[in-house]
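# Fold and geometry: a report
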Amino acid sequence: MTLIDSITRGDVEDAASGMGKAFEDANVLLTGGAGFVGSWLCDILIHLNARVTCLDNLSSGRISNIDHIQSERFTFVNQDVCRFETEERYDYILHLASIASPEDYEKRPDEALLSNSLGSYRVSEAARKGGSTILFASSSEVYGDAEVVPTPESYWGNVNPLGVRSCYDEAKRFGESLFMAYHRRYGVDVRIARIFNTFGPRMRADGAYARVVPRFITQALRDQAMTVYGDGSQTRSFCYIADTVKALLLQLVRKNARGDVLNIGDTCEVTILELAKKIRETVDSESEITFHPSRPDDPKRRCPDLTKVKKILGWTPKTSLSDGLDKTIEWFRVCTQDSP
Ligand code: UDP
């Protein structure tokens, strides 16, 4: 085991604990399995003795996220979910394949739209034919620039349908609608997770793929300027990845989560400027904080109402922002030392 793998190992074992035999020998399809969230799910499902098919076209996912998985129960298929067809019967399908970073999906809006629409259709058909239970990784972005914060699942959203983020927001909204259509019309066992900002080891820090946490961490580690967009007063609530994936697996197996939607995230809302300062202090960096133009349609506040997920899954995140940042910073430190 490499030093990098040893940082995530404890979290994988932790997230797998309490899942019992739910996934023992289960046949699982994971689209987007080489991505940040997907690769954590691959690790945990293999740990739980599932048979995992990881489908990914590597458009933003990376082989390095999964190449440590040495198991005959694990199969990697390099394919776009939009072309996916199968005769195989899966017990569970998790549909995560999608670009997730705003700067990335604004460059490739058609790909974001298609993986969540045509791709969702492909996996819904596989679930209908095979009688699978299927989870759709939706997003807090379905709420757009929410006017109700903390935001409950019952809020309908405030999305600009023509804006630069609409390729993602509307695609996730379409995906949700399609999964509900398959549930209502064909009785498919669907579960929809609205994932709020999540972070941890394996997030990309490069170019347009980078979300705010890995970008700030790598900037701070290199004593480079930390790039805050706007005045930094916009907020996000960050949930550590091990908590996020635990909730996704519980949502997949709990009977009372069938045909329903749940917010998955953390309620500790921080401004982006506070986040930059916290990361700079934790890293003990000399970076200067610099201010740049805001992103168009950047949501001003984001924080989930977790009442429903608490009730249905008995789940709340247990890792504090500080503890999650410590682990993530450690991982990036090791990665930075390893890279030439
Ligand atoms: N952000 C920033 N500097 C960066 C990257 C992002 O200030 O270098 C801000 C961005 O404008 C947004 C927040 O951080 O308000 C979260 O951005 P991210 O790309 O992580 O994803 P989002 O939550 O917008 O989907």
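Everything discussed here concerns the structure shown above.
If you're wondering where the values come from, they're calculated on a predicted model, not measured in any experiment. (Residues numbered from 1 in each chain as written. Predicted model: local features only at pLDDT ≥ 70, side-chain atom pairs only at ≥ 80, totals over all residues. Heavy atoms only, no water.)

### Considering the overall build of the protein
To keep it simple, the criterion reads: Numbering of helices and strands starts at the N terminus; helices are DSSP runs of H or I of at least 4 residues and strands are runs of E of at least 2. With the radius of gyration taken over C-alpha atoms, the globule rule is written as 2.2 Å times the number of residues to the power 0.38. Relative accessibility under 20% of the residue-type maximum defines a buried residue, over 50% an exposed one, and the middle range a partly exposed one, all with a 1.4 Å probe and only protein chains included. The contact criterion used is simple: two residues touch if any of their non-hydrogen atoms lie within 4.5 Å. Here the accessible surface of atoms and residues is derived via Shrake-Rupley with a 1.4 Å probe, and residues count as covered only by protein chains that are part of the display. Only four residue types enter the tally: Lys and Arg on the positive side, Asp and Glu on the negative side, with His and both chain ends excluded. Every charge is mapped onto a representative atom, which is NZ of Lys, CZ of Arg, CG of Asp or CD of Glu.
The secondary structure content of the protein amounts to 10 helices and 13 strands. Against the 2.2 N^0.38 benchmark of 20 Å for 340 residues, the protein shows a C-alpha radius of gyration of 19 Å, consistent with a compact globule. Projected onto the principal axes, the alpha-carbon positions of the protein cover approximately 55 × 45 × 35 Å. Within the protein, buried positions represent 59% of all 340 residues. Within the protein, residue pairs in contact and separated by at least 24 positions form 80% of the contacts whose partners lie at least 6 positions apart. For the protein, the accessible surface area stands at approximately 14,400 Å², while carbon and sulfur atoms represent 47% of it. Across the protein, the mean location of the 42 positive side-chain charges is 5 Å away from that of the 48 negative side-chain charges.

### Things to note about the sheet that holds strand β3 (residues 74–78)
How we decide: Here, any two strands with at least 2 DSSP bridges between them count as paired. Axis angles are defined between N-to-C directions and span 0 to 180 degrees, where every axis is a line fitted to C-alpha atoms and, for a helix, only to the segment in contact.
Strand order in this open sheet of seven strands is β3-β2-β1-β4-β5-β6-β11, and the pairing throughout is parallel. Strand pairing shows two members of the sheet lacking a second neighbour, β3 and β11 (260–264), which therefore form its edges. Each neighbouring strand pair of the sheet contributes to a mean axis angle of 20 degrees, computed without reference to strand direction. With five bridges joining them, strand β2 (residues 51–56) and β3 adopt parallel strand pairing. If you follow Asp56 over to β3, its bridge partner there is Asn78. Against the sheet, helix α5 (residues 166–186) touches β4 (92–95), β5 (133–139) and β6 (189–195), its axis set at about 155 degrees to β5. In the packing of helix α7 (residues 241–253) onto the sheet, contacts are made with β4, β5, β6 and β11, and the angle to β6 comes to roughly 160 degrees.

### A closer look at the site of the ligand
Definition in use: In these notes, residues near a molecule or strand are those with any non-hydrogen atom within 4 Å of it. In protein, a polar contact requires one atom able to donate a hydrogen and another able to accept it; more generally it is a pair of N or O atoms within 3.5 Å, and residues adjacent in sequence count only if both atoms are side-chain atoms. Following the grouping adopted for this structure description, the nonpolar residues are Ala, Val, Leu, Ile, Met, Phe, Trp, Tyr, Cys and Pro, the charged ones are Asp, Glu, Lys and Arg, and the polar ones are all others, Gly among them.
Taken together, 17 residues sit near the ligand, with Asn197, Thr227, Tyr229, Arg236 and Asp298 positioned nearest. Side-chain polar atom of Arg295 to an oxygen atom of the ligand: 3.0 Å apart, as the coordinates give it. Considering the ligand on its own, with 520 Å² of exposed area, one finds that the protein chains cover 99% of that surface. Of all elements in the fold, only α6 (212–221) and β8 (226–229) reach the threshold of two or more residues within the shell around the ligand. Considering only residue class, the shell around the ligand consists of six nonpolar, three polar and eight charged.

### Here's the deal with a negative patch on the surface
Rules: By definition, no residue in a patch forms a salt bridge, and every one has over 30% relative accessible area; like charges are joined within 9 Å, nonpolar side chains (Val, Leu, Ile, Met, Phe, Trp, Tyr) within 5 Å. We define a salt bridge as a contact between a side-chain nitrogen of Lys or Arg and a carboxyl oxygen of Asp or Glu at a distance within 4 Å.
Judged by side-chain charge, Asp223, Glu281, Asp284 and Glu286 come together as a negatively charged surface patch. With respect to the element layout, Asp284 can be found in the loop between α8 (272–283) and β13 (289–292).

### Observations concerning the layout of surface pockets
For clarity, the cut-off: Lining residues are defined by having an atom within 4 Å of a point belonging to a cavity or pocket. Those points lie on a 1 Å grid over the protein atoms alone, cavities being sets where a 1.4 Å probe fits but cannot get out and pockets being open sets with protein on both sides within 12 Å along at least five of seven lines. Grid points are joined across faces, edges and corners, and a volume is the space filled by probe spheres set on the points.
Of the voids in this model, the second largest pocket is the one considered here, and its volume is about 440 Å³. Looking at the second largest pocket, it is lined by 22 residues, and the ones nearest its centre are Ile4, Arg62, Ser64, Trp331 and Cys335. Looking at the lining of the second largest pocket, the elements with two or more residues in it are α1 (3–16) and α10 (321–338). Per-class residue counts for the lining of the second largest pocket are six nonpolar, eight polar and eight charged.

### Brief notes about a nonpolar patch on the surface
Taken together, the side chains of Leu113, Leu114, Leu118 and Tyr121 define a hydrophobic patch exposed on the protein surface, amounting to about 310 Å² of accessible area. Its place among the elements puts Tyr121 in helix α4 (residues 109–130).

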